[in-house]
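# Analysis of the macromolecular model
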Amino acid sequence: MGVVLCRRISPDTGGFQAISESTEKVRPWSQSWSIYVQQVPEVTTTVGSSVTLLCNYTLSDADMTGIGWFTWYRQELNGAEVSDNNPNFKGRVSRASQNDFVGKRSADLQLHRVDSTFTGMYICQVVVQHTEIISGHGSGTFLNVTGHPQGVHSRIQNLIRIGLGVLVLSAIAPVVLCCESKGRRSSESIYEEVEMKK
């Protein structure tokens, strides 16, 4: 998992400095908070399905609480926002609840009915306000949307099987009926011969 560590460097301007890209433990700086944001590097899914892009964060003080929010961007940090406000994602986005954001430190994003245009990089940015505002972002998750959904593929296969079954039955049925009717005629003629001999 790739992460980017950030800390606030100027209380007056609200500036932030990227510290490193690493998965090492964060050491708190004196009178400064830091945030550690993790994302899965790559996720693959199929057209028409739903997919969850995972994003979790850790604060340098595990007991620190405060208000916060998160934003997902497409392709680059501060690029196109992935939300219902973006016409490309309208009605196709679910976000982690505020309770999960605070309690589980989750900023997950779920995309619904994805298509091939959803393929690309997604970046999670987390902002928390305690005694100061701190912000950090993950190194991104590449979403790869491929092929047809298994559900549609299975339905197509089932329709083909049913069609072939009907075709085979329609070819066999006349033969069975023909043989069955011939069998009745020969048994009827045998019965008539037996009756005549009596």
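Residues numbered from 1 in each chain as written. Predicted model: local features only at pLDDT ≥ 70, side-chain atom pairs only at ≥ 80, totals over all residues. Heavy atoms only, no water.

## Section: the pattern of salt bridges
- Taken as a whole and assessed by the stated rule, the structure comprises two salt bridges.
- Of the charged contacts in the structure, one is a salt bridge between Arg92 and Asp115, with a shortest N-O distance of 3.4 Å. With Arg92 in the loop between strand E8 (80-81) and strand E9 (93-95) and Asp115 in the loop between strand E10 (109-111) and strand E11 (120-129), the pair connects residues that are 23 residues apart, well separated along the chain.
- Judged by its relative accessible area of 24%, Asp115 is partly exposed.
- Notably, a salt bridge pairs Asp100 with Lys104, separated by 3.6 Å at the nearest N-O pair. (Salt bridge = Lys/Arg side-chain N within 4 Å of Asp/Glu carboxyl O. Helix = DSSP H or I, 4+ residues; strand = E, 2+ residues; numbered from the N terminus. Buried < 20%, exposed > 50% of the residue type's maximum accessible area, 1.4 Å probe, protein only.)

## Here's the deal with the environment of Ser139
- Following the sequence through the fold, Ser139 ends up in the loop between strand E12 (133-137) and strand E13 (141-146).
- For the pair formed by Ser139 and Cys124, sequence separation is 15 residues and the distance between their alpha carbons is 8.1 Å.

## Things to note about the sheet that holds E10
- Taken in spatial order, the three strands make up an open sheet running E5-E10-E9, and their pairing is antiparallel. Unpaired on one side and paired on the other, strand E5 (51-53) and E9 mark the two borders of the sheet. Pairs of neighbouring strands in the sheet enclose a mean axial angle of 25°, with direction left out of account.
- Here E9 pairs with E10 via three bridges, running antiparallel. Across the sheet, residue Arg95 finds its bridge partner in E10, namely Leu109. (Pairing = 2+ DSSP bridges. Axes fitted to C-alpha atoms, helices over the stretch in contact; angles between N-to-C directions.)

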